Amino acid sequence: MSDGMLATDRSYAESVNNGPLLRVDGLSVDFHTEDGVVHAVSDVSLNVHAGQIVAVVGESGSGKTVTAMSVLRLLPKSAEVMADAIAFRGTDLQAMSPAELRKVRGGPVGMIFQDPMTALNPVMTVGAQVAEAVLLHQRKPDKKAAWARAVELLRLVGVPDPAQRVKQYPHEFSGGMRQRAMIAMAIANDPDLIIADEPTTALDVTIQAQVLALLKKAQAETGAATILITHDLGVVAELADAVVVMYAGRVVETGGVQELFANPRHPYTKGLLASLPRMDVEVDQLDPIPGNPPNMADPPAGCAFHPRCPLARARCETERPLLRDVGAGRRSACHFSEELA
Amino acid sequence: MFRNRIRTAVVGLTVATLAVAGCTGPSTTPSGGSGTAATSLNVYLYQEPAGVFSPLAPISGPDGQVMSFIYERLLGVDPNYKLQPRLAESYEVSPDATTFTFKLRSGLKWSDGTPFTSKDVLFTYNLMANPKTTSTTAGNYAGVAGVKDFVDGKATSISGFSAPDDNTFVIKAAKPNFGLLALIGSAWILPEHILGKDAPEAVAKNAFFRKPTVGMGPYTFVDYKTNQYVHVTANPNFFSPAKIKDVYLKPMTSDNATAQLGNGGIDIASFSPTDLETVAGFNNIATQEKPGAGFVRIALNQAKPYFKDVKVRQAFLYALDRKQIVQTVLAGKAEVRLSNFAKANEPAGLNEYAQDVAKAKQLLAEAGWDANREVQLQWVHGQRDRDATATIVQNQLAAVGVKVKLVNIQAAEIPKTYQEKTYDMVLYGGGNYAVDSSTINGITSCANQYPAGGNINYFCNAQLDDLMAQANATADEAARKALYDQAAKLENDQADLMWLYSPYGLWAVNKKVQGFQAPGSQDTLFWDPASWSITG
Amino acid sequence: MAAFLVRRLSINVLVFFLITIAIFALVHKTPGDPIAMQIPADQLNSSSAEFIAQKRAELGLDQSLPVQYWHWLTNALQGNLGVSLLNGRPVTEVLGERIGPTVELMGVGLLISLLIAFPLGILAARRRNSWLDYGATVVSLGSVSIPVFFVALIVIYVFTLKFQWFPSSGISDPTNPSLLNTLHHLVLPAVILGFGNSGPFMRYVRSSMITELGADYVRTANAKGAPPTRVVLRHAFRNSLIPVLTVIAANLPQLLAGAVVIEQVFAWPGMGQLAVSAVNQHDYSVIVGFALLIAILVLVSNLLADVLYTVVDPRVRLR
């Protein structure tokens, strides 16, 4: 399968379905715990178009990982997933049988996880695991071909001496190489969509840059769309086309990356950007957002951000702002987003 | 890859155990056995045999039972404890009870075809009497003339044994000793042509005794698969050939044996009174019971001053309700004993010592029994009836003011307590004094006090010894009976032992087996297996 | 690996020596004279004392304990474990002819216990807190709490008496020797032994599986589109084996203990029966020989557990 054909496939698909590659509408996820129900995600919608890189940004507990996991139904049994639509290439993923969903997982949709040490099976060779990704989606299982492809994939992702490495175990790989292997698994079957959950968070900074470069390369060569979950705005700036900002389980702002960085329309996004350390400006102190992320078992009334918001007013304590268009493909969930324009 | 390793390991484990299984079962088809039910018999052994089937080895019940199939002797003991001629056709005792002449059956052959003659008998008796062979029963032959000189080295052979011709064997006693007949007349005869070349010290170790394939008995030894079965097959040379071809003697737990009686795995088995109901309920099983010779008893250590007084010993007997003990502990399947003499040999009119609590208390008071004294009753734990009996005895003695402490002891520790005379009361069983009452001397005479003999309770009564000696010194039946009756009355009065009860031998026999005569207990030798047959 | 083995083995040998000293001393110090007890009280006669003394001298029992131990040790190192006090047979021979049936029983019993424990444990872990899980817990508790001999007696009553499907004793029928017949006799004792040991194993498997099923790599496997069976067996199970296998190896002596009881009940001609009667009759040499075997078994099984660990877990491979 050459990349050229893929691109045609995609635009064809899109033109036929006349819509985005992935459409998530009104997604809510509740966790039933011993202490009660936790509304991890409430009414989240996002679209990803073919070839687009969408970054989902937020603090820990904002619901970004849960959102991503719910696409492929990878959440534990205690999670209750409700959505108006989760559609991939026009087909509703929620309605699929487990067998049909398994064809999507690891095939047209590939996933990259956060901690490659635990995300890889310690008693299987790396080669076996990468080959497994291929084998699971072969029409006729061919072990030899799968292993050959595994070697090729490892070479593709920049693992040195892949023919030897393929027989090694994950604990014999360095952190960066393990993540490369994970990426190899994700792109093994030329996916249309890659979901990457904090792919560089567990790596040290020097390796981060390499892996990010790899992600960029993989995306460029396969033409896959990417959902990039991260809390690191630097990564967002490097890779993303569009940004979705989440707070307390809800989307609070969306927009193209350039515009959003230049002109945030939500106090949370503004606060995030302001708190970034910068090389070009001299500051005496960092400027973090005051306060703590909300307790998702008992979130604040009204706007969930109001306890920490510089623009907070009485209205914010009682009325939750809805996500609304604020012009030029931008949306924001703040009563006073005009003040930030 | 890893999974393959696990799979290989599992397969390897299975294959290995199957291979071992294939090797540990019988490896060859037993010769001559077509394996049909009518030609083979399965008999229960109550314990695993030691595997040394030798009259020179320490006495072992199951080994003895096996030997009763493959060996034969001059005189056998039938289930009524009467001597019966076996290899001897007839025998004579001189009137002064010093000479015993045996006429052997003529024309007999060993199972390997060698002719049987008095040479084999002479050889066997010389061996048995020779202490160098390390036989535990050599002491029984001390009464034979010339043994002392032989042991002391003054003679090279024992003058008391002689074989004037091929069919005659003569034993001479050192002094009149009628009981010698019962004591040594039933020794298993060994083949001189196989064992005769060994020096006496070495005979006992001869490998022959592990696989004694040559014998005079109704069956010949084939194989002993340790702890599985002993296989014997009919001996065509026996003077009255056996009707059942193969017999398998199998050791197992009694629960297992009872189950096997029900499903046909075992044809003949002894059982305990607690299984009576189960066994009686099997359609294919008939039961037999036979009073035993051995009796459960309590010995009072008369080396201790407080047991020396006969009143104390009598009081202890009066305190017990032995009829009730038999009913409770053995469901009535035993008989109460009144003396060391076998019931059949006892005179009428002995003191029954029926329970009389008042009398017991009175006797104890007269003897000056210290009510605060605590005496210990020791016994080897493990047999249901004895365990229960010990507790009942404790209670019944407590009711007359005697404090008894129950102590479990290991069999191996007992000899020391005898040696050092440290025990108070010991409960045990066994013993067979039914064939000839003179054997009672072994446990009552002053000369036989432990360790010289079996008188472990250090009883001593010169008058009793005298009566017993007189009775043993004559071959006159009437005279003997009169003297033994007197002895029995004296012994009964002296209460040398607390005689409790003789359990019945309880045997279950598959209805298809004819001719089986139950012996008196589970460890007694089998009688005349050649006469058993299978119908249908 | 070789250096590791050598080091472990030398420690084991040292421990082994200490064990032999302890066992020897303890066994010989137990009160009671095994020779004297061979003659029942009512069969004592004038030659008995001499017989006992002679036998004791012959067997070296009249020497001091350290001397006896030294003789025993020097003989043992040459492969001679002495003779049985009861019937004079060499201890190695006596043990040798019994070890086969016991190994057979233990082997098949182990197999059966694993065949019960693994599937039940895996199923229970997958369907936590379901009726299946509770049922499996009840079964495993039962296997641990109900005494083996009790189960054995009931099984004998039901399966060999009421329905005469199986033989109730022995290793085979002497009139019908064949592999099939031996297996027929093996079924009941091995099943009971296996069942009795399966409880703890099942619990280990279950808890190990629960841990592994919650691991990140399981999520990765699911994300790759692997079907549930593959995820459970090829991914989670393989990891769960690591602690489980070592536990099983270390539990082998437990299996032997169970086998001893079963052998008594089923008249299975293995070492268990030998041990019981040797202890009852104070047959020193056999007891020491038997205890030695157990010591070897324990040491070997622990060594095996350690070796297995390195084999099964690639992270712990020794270079």
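These figures come from a predicted structure and were not determined experimentally.

How each quantity is defined
Residues numbered from 1 in each chain as written. Chains lettered and ligands numbered in written order. Predicted model: local features only at pLDDT ≥ 70, side-chain atom pairs only at ≥ 80, totals over all residues. Heavy atoms only, no water. Helix = DSSP H or I, 4+ residues; strand = E, 2+ residues; numbered from the N terminus. Rg over C-alpha atoms; globule rule 2.2 N^0.38 Å. Buried < 20%, exposed > 50% of the residue type's maximum accessible area, 1.4 Å probe, protein only. Contact = heavy atoms within 4.5 Å. Areas by Shrake-Rupley, 256 points an atom, 1.4 Å probe, with all protein chains shown as cover. Disulfide = S-S within 2.5 Å. Pairing = 2+ DSSP bridges. Salt bridge = Lys/Arg side-chain N within 4 Å of Asp/Glu carboxyl O. Polar contact = N/O pair within 3.5 Å; in protein donor to acceptor, adjacent residues only side chain to side chain. pLDDT = per-residue confidence, 0-100. Domains from an automatic or database assignment. Buried area = accessible area lost by both parts, 1.4 Å probe.

### Quick notes on the overall build of chain A
Here's step 1: The helix and strand tally for chain A stands at 13 helices and 13 strands.
Here's step 2: In summary, chain A has a C-alpha radius of gyration of 21 Å against a globular reference of 20 Å for 341 residues, a match within 12%.
Here's step 3: Expressed as lengths along the three principal axes of its C-alpha atoms, the size of chain A is roughly 65 × 50 × 45 Å.
Here's step 4: Looking at the 341 residues of chain A, the share that counts as buried comes to 52%.
Here's step 5: Summarising the internal contacts of chain A: among those between residues at least 6 apart in sequence, 64% fall at separations of at least 24.
Here's step 6: Of the roughly 15,700 Å² of accessible surface on chain A, 52% is carried by carbon and sulfur atoms.

### Some thoughts on the state of the cysteines
Disulfides are covalent bonds that connect the sulfur atoms of two cysteines.
Here's step 1: Taken as a whole, this structure holds one disulfide over all chains when the rule is applied.
Here's step 2: Residue pairing for Cys446 of chain B: its cysteine sulfur links by disulfide to Cys460 of chain B, the two sulfurs lying 2.0 Å apart. Its S-S torsion of about 100° marks the bond between Cys446 of chain B and Cys460 of chain B as right-handed, since a negative value means left-handed. Separated by 14 residues along the polypeptide, Cys446 of chain B in the loop between helix H15 (441-444) and helix H16 (462-472) and Cys460 of chain B in the loop between H15 and H16 bring together distant segments of the chain.
Here's step 3: For Cys446 of chain B, a relative accessible area of 23% puts it in the partly exposed group.
Here's step 4: Cysteine Cys309 of chain A remains unbridged, with the sulfur of Cys334 of chain A as its closest cysteine sulfur at 5.8 Å.
Here's step 5: The buried category is assigned to Cys309 of chain A, whose relative accessible area is 16%.
Here's step 6: Taking relative accessible area as the criterion, Cys334 of chain A reaches 8% and is therefore assigned buried.

### Structural notes on the sheet that holds strand S5 (residues 99-104) of chain B
All names here are of chain B.
Here's step 1: What the four strands build is an open sheet, ordered S4-S5-S7-S6; its pairing is antiparallel. Looking at strand neighbours, the two that pair on one side only are strand S4 (88-93) and strand S6 (161-162), the edges of this open sheet.
Here's step 2: As judged from the five bridges shared by S4 and S5, these two strands associate in the antiparallel manner. Across the sheet, Val93 pairs through a bridge with Phe100, a residue of S5.

### Considerations on the interface of chain C and chain B
Here's step 1: Of the residues lining the interface, 61 residues belong to chain C; the matching set on chain B comes to 69 residues.
Here's step 2: With a shortest N-O distance of 2.8 Å, Glu48 of chain B and Arg98 of chain C are connected by a salt bridge.
Here's step 3: Applying the counting criterion to the chain C and chain B interface returns five residue pairs in polar contact (both at pLDDT 80 or more).
Here's step 4: Those elements that provide at least two residues to the side of chain C that touches chain B are helix H2 (48-58), helix H4 (91-126), helix H6 (148-162), helix H7 (179-213), helix H9 (228-250), helix H10 (252-266), helix H11 (271-280) and helix H12 (284-312) of chain C.
Here's step 5: Element by element, the count of residues in the side of chain C that touches chain B is highest for H4 of chain C, at 10 residues.

### A short note on helix H8 (residues 216-223) of chain C
Here's step 1: Of all the residues in H8 of chain C, the buried ones are Tyr217, Val218, Thr220, Ala221 and Ala223 of chain C.
Here's step 2: Just downstream of H8 of chain C lies Gly225 of chain C, where phi reads positive at about 95°.

### Notes on the confidence of the model for chain A
All names here are of chain A.
Here's step 1: Looking at chain A, pLDDT values average 86 and 95% of them are 70 or higher.
Here's step 2: By mean pLDDT, helix H1 (residues 3-17) is the weakest element of chain A at 43, and helix H5 (residues 126-135) is the strongest at 94.
Here's step 3: Contacts from residues 1-16, a stretch scored under 50 in pLDDT, to residues over four places away or in other chains number 16 contacts.

### A few points about the domain arrangement of chain C
Residues and elements named next belong to chain C.
Here's step 1: Entries for chain C in the domain assignment read domain 1 (2-77) and domain 2 (98-312).
Here's step 2: Taken residue by residue, the interface counts 20 residues in domain 1 and 15 residues in domain 2.
Here's step 3: For the pair domain 1 and domain 2, the two sides together bury roughly 1,600 Å², of which 79% comes from carbon and sulfur.
Here's step 4: In terms of surface lost to domain 2, no three residues of domain 1 exceed Arg8, Phe16 and Val27, which account for 27% of the buried area on that side.
Here's step 5: Inspection of the region where domain 1 meets domain 2 yields one salt bridge.
Here's step 6: Between Asp306 and Arg8 there is a salt bridge, with the nearest N and O atoms lying 2.0 Å from each other.
Here's step 7: Our count for the contact surface shared by domain 1 and domain 2 stands at one residue pair in polar contact (both at pLDDT 80 or more).

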